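As a plain string of letters, each chain reads:
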Amino acid sequence: MKKLINAPETVLDDALAGIAAAHQELTVDAENKVIARAGGTRSGKVALVSGGGSGHEPLHGGFVGLGMLDAACPGEVFTSPVPGQMLAAAQAVDGGAGVLFIVKNYTGDVLNFQMAAELAGEEEITVESVLVDDDVAVQDSSFTAGRRGTGATVFVEKIAGSLAEQGADLATVAEMAKRVNAASRSFAVALTACTTPASGKPGFDLPEDEMEVGVGIHGEPGRRREKLRPAKEIAATALEAILADQPLAAGDETIVMVNGLGGTPLIELYVVFKEVAAVLAGNGVVVARNLVGNYVTSLDMAGVSITVCKADVDMLSLWDAPVNTPALRWGI
């Protein structure tokens, strides 16, 4: 294993120190492990907080800033943050209008965010929670009860974040977040396993000529293993699963993300996006907005996830609204 680290046990602390040094627009609470906007949350604005295990960068800390999150709670690699972190984040960013927790559907995240919401209530901080569960690959996995939360998290954070920025109340922002999640579906394929700093070896064995179809972002097994196939067929397989679960009609507008899992060159992601766009166009579906790049990763895993959101006019307008975060920036 070759990693650009000092020691496995200091990876998160060292990374947080690096984030603090690189991004003056953020503030990093090293003790509580919370990343927040340096300027704080303006009074009367709903605050958005998300988090999860590290190793999925830029999710979530890379999406803290104008138009998205107010704070993020990074746990250790592939490990949920603890309730105390989440409570500290809520306390730090509550502007008096309440806090929205955006929670990916992994058992640890769900339980810990629930406990944090109860603790925040005792502090008279109003909290609403929205669960992201967009992965259609499997119904249950080693990390979840129900579908996993993956790429749609970016869509939820961006669209709900823009609505909060405009001054909407907590119930309205939470309802929009739920609408975006309900309209979104994802599917991922891995070409290699990832290696966590602590383990020093790949998380699972995958022969050179095989791929894991429907993999999770922690390396959880998917639907099946197959021989490696061309990008055109991989894109078709992913979209077949997505469209079977969320049918789209000719004329429907979508937001599409072709996301690298950490070890995939950008040129290959564009190859996949070309195939995704062709399949959707062949069905008369409009790709109104898109992202191509690394947004929800799995350390050094080679592979791709595809996320499709059936977007209405409100979602597209909020998507286009200004955003200024380390990982996403436009309209500024």
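Predicted model, so just to flag it, every value in this text is computed and none were measured.

A. Summary view of the environment of Leu100. Mapping Leu100 onto the fold places it in strand 5 (residues 99-104). Residue Leu100 is classed as buried on the basis of its relative accessible area, which comes to 0%. Each C-alpha atom, one on Leu100 and one on Ala47, is 6.1 Å from the other, the two residues being 53 residues apart in sequence. Residues in contact with Leu100, not counting those within four places in the same chain, are Val46, Ala47, Leu48, Val49, Glu128, Ser129, Val130, Leu170, Val173, Ala174 and Ala177.

B. The arrangement of the sheet that holds strand 2 (residues 34-37) in detail. Ordered in space as 1-2-4-3-5-6, the six strands form an open sheet in which the pairing is mixed. Each edge of the open sheet is held by one strand with a lone partner, namely strand 1 (26-29) and strand 6 (127-132). If you compare each strand with its neighbour and ignore which way they point, the axes differ by 20° on average. Bridge count between strand 3 (residues 47-54) and strand 5: four bridges; the pairing is parallel. Bridge pairing in strand 5 places Val49 opposite Phe101.

C. Summary view of the sheet that holds strand 9 (residues 224-227). A sheet is described by the order of its strands in space; here six strands give the open sequence 9-8-7-12-10-11, paired in mixed fashion. A single partner strand is all that each edge strand has here, and the edge strands are strand 9 and strand 11 (286-293). In this sheet, adjacent strand axes meet at a mean angle of 20° when their direction is disregarded. By the bridge criterion, seven bridges tie strand 10 (residues 253-260) to strand 11 in an arrangement that is parallel. Bridge assignment links Thr254 to a residue of strand 11, and that residue is Val287.

D. Representation of the nonpolar core in the model. Counting residues in hydrophobic clusters, the biggest one holds 48 residues, and the most contacted among them are Leu48, Leu100 and Val173. Counting residues per element, the ones that place at least two in this core are helix 1 (11-22), strand 5, strand 6, helix 4 (152-165), helix 5 (170-182), strand 10, strand 11 and helix 8 (313-320). Here the element with the most residues in this core is helix 4; it accounts for eight residues. Residues contacting Leu48, with those up to four places away along its chain left out, are Met68, Leu69, Asp70, Ala71, Leu100, Ile102, Glu157, Ala160, Gly161, Ala164 and Val173. Counting residues in each nonpolar core, the second largest holds 27 residues, with Phe187, Ile234, Leu243 and Val256 among its members.

E. Unusual backbone geometry, seen in detail. For the peptide bond that leads from Glu57 to Pro58, omega is 15°, which places it in the cis range. Tracing the backbone shows Pro58 in the loop between strand 3 and strand 4 (71-77). Of note, the amide linkage connecting Leu59 to His60 takes the cis form, showing an omega dihedral of 0°. Among the secondary structure elements, His60 is positioned in the loop between strand 3 and strand 4. With phi around 55°, Lys33 is a residue other than glycine that occupies positive phi space. Tracing the sequence through the fold places Lys33 in the loop between strand 1 and strand 2. The backbone of Glu124 shows a phi angle near 65°, a positive value even though the residue is not glycine. Residue placement: Glu124 occurs in the loop between helix 3 (107-122) and strand 6. The class for Glu124 is exposed, based on a relative accessible area of 75%.

F. Spotlight on helix 1. Over its 12 residues, helix 1 extends 16 Å from the first C-alpha to the last, a length consistent with the 16 Å expected when each residue adds 1.5 Å. The complete set of buried residues in helix 1 reads Val11, Leu12 and Leu16. The arc that holds the buried residues of helix 1, viewed along the axis, is 125°, so those residues lie on one side. Looking at the buried residues of helix 1, the elements they touch are strand 1, strand 2, strand 3 and strand 4.

Analysis parameters
Residues numbered from 1 in each chain as written. Predicted model: local features only at pLDDT ≥ 70, side-chain atom pairs only at ≥ 80, totals over all residues. Heavy atoms only, no water. Helix = DSSP H or I, 4+ residues; strand = E, 2+ residues; numbered from the N terminus. Buried < 20%, exposed > 50% of the residue type's maximum accessible area, 1.4 Å probe, protein only. Contact = heavy atoms within 4.5 Å. Pairing = 2+ DSSP bridges. Axes fitted to C-alpha atoms, helices over the stretch in contact; angles between N-to-C directions. Core = buried A, V, L, I, M, F, W, Y, C linked by side-chain atoms within 4.5 Å. Expected span 1.5 Å × (residues − 1). Arc of directions from axis to C-beta.

Such coordinate-based values are descriptive only and should not be taken to indicate function.
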